[in-house]
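# Analysis of the macromolecular model
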Amino acid sequence: MDYDFTFDEYDKPVAEFSMGHEAIGTWFTDELGKNLQRIDEIIDILDQLVNRRIQQRQFEGTEYRLRMNQEDVEVIAMSLGLEVDEELPEDTHLYDEESFAECGLEDFQQALISWQEFILSA
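Residues numbered from 1 in each chain as written. Predicted model: local features only at pLDDT ≥ 70, side-chain atom pairs only at ≥ 80, totals over all residues. Heavy atoms only, no water.

## Regarding the overall build of the protein chain
In plain terms, the rule: Numbered from the N terminus, helices here are DSSP runs of H or I no shorter than four residues, and strands are runs of E no shorter than two. Pairs of residues are marked as contacts when any of their non-hydrogen atoms sit within 4.5 Å. Every accessible area reported is derived by Shrake-Rupley at a probe size of 1.4 Å, with residue values counting cover from the shown protein chains alone.
Assigned secondary structure in the protein chain consists of 3 helices and 6 strands. The linear arrangement of helices and strands in the protein chain, starting from the amino end, is β-β-α-α-β-β-β-β-α. The contacts in the protein chain between residues at least 6 apart in sequence include a share of 51% that link residues at least 24 apart. Summed over its atoms, the accessible surface of the protein chain is roughly 7,400 Å², and 42% of this surface lies on carbon and sulfur atoms.

Printed below as a string of structure tokens:
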């Protein structure tokens, strides 16, 4: 999972993630932004998951839901209209490249720490 952090013309931090992980970049940009308190909170939760002190955690944002467990992380656009455990009918295909992404817990943790460092260095 590759990513790049920049600032737009309004000095807003922007995260761009590799193909298949675009929703994570949108989540970093739109749901986290420069909110260091929320970033610290999620880094702490990720640490608890990695060390198996908790089993899972979920955050509802304004546009996306973040689901984390001891193995992986999912970012799901609420516009998909899927409930937490809802399954799609067989042979249903959605364009969800920008609406859904998942990655390993440690990869997400490292990306979030890099985002925090990027925000703090600005």
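## Structural notes on unusual backbone geometry
In the Ramachandran plot, aspartate 11 falls in the positive-phi region, its phi being about 65° despite a non-glycine side chain. In this fold, aspartate 11 is placed in the loop between strand 1 (3-7) and strand 2 (13-17). Positive phi values are uncommon outside glycine, yet arginine 52 reaches one of about 60°. Along the chain, arginine 52 falls in the loop between helix 2 (36-50) and strand 3 (56-60).

## Description of the pattern of salt bridges
Side chains bearing opposite charge may pair, as long as their charged atoms lie close to each other. This is how the line gets drawn: What counts as a salt bridge is simple: a side-chain nitrogen of Lys or Arg found within 4 Å of a carboxyl oxygen of Asp or Glu. Between buried and exposed lies partly exposed: a residue is buried under 20% and exposed over 50% of the maximum accessible area for its type, with that area taken using a 1.4 Å probe on protein chains only.
Evaluated as defined, the whole model comprises 7 salt bridges. Linking glutamate 41 and arginine 38 is a salt bridge whose minimum nitrogen-to-oxygen distance equals 3.2 Å. Remark: arginine 38 and glutamate 41 occur in helix 2; sequence separation between them is 3 residues, near one turn of the helix. Judged by relative accessible area, glutamate 41 falls into the partly exposed class, the value being 35%. Of the charged contacts in the structure, one is a salt bridge between glutamate 71 and arginine 52, with a shortest N-O distance of 3.3 Å. Residue glutamate 71 is located in the loop between strand 4 (64-69) and strand 5 (72-77), and its partner arginine 52 is located in the loop between helix 2 and strand 3; the two are separated by 19 residues in the primary sequence.

## Quick notes on the nonpolar core
To be explicit about the condition: Nonpolar core, defined: a set of buried Ala, Val, Leu, Ile, Met, Phe, Trp, Tyr and Cys residues in which side-chain atoms within 4.5 Å join the residues together.
Among the nonpolar cores identified, the biggest contains 31 residues, and Phe28, Ile42, Phe108, Leu112 and Trp115 are the most heavily contacted of them. Broken down by secondary-structure element, the contributors of at least two residues to this core are strand 2, helix 1 (22-32), helix 2, strand 4, strand 5, strand 6 (100-104) and helix 3 (105-121). Among the elements that make up this core, the one with the highest residue count is helix 3 (7 residues). The contact partners of isoleucine 42, leaving out residues within four places of it in the chain, are Trp27, Leu32, Phe59, Leu66, Met68, Phe108 and Leu112.

## Comments concerning the pairing of strand 4
Put simply, the rule is: Note on pairing: DSSP must find at least two bridges between two strands before they are called paired.
Where burial is concerned, most of strand 4 is hidden: 5 out of the 6 residues are buried. By the bridge criterion, 5 bridges tie strand 3 to strand 4 in an arrangement that is antiparallel. From the neighbouring strand, arginine 57 faces strand 4, where its bridge partner is methionine 68. Two successive antiparallel strands, strand 3 and strand 4, enclose a turn made up of 3 residues. From the end of strand 4 to the start of strand 5, which pair antiparallel, there are 2 residues.

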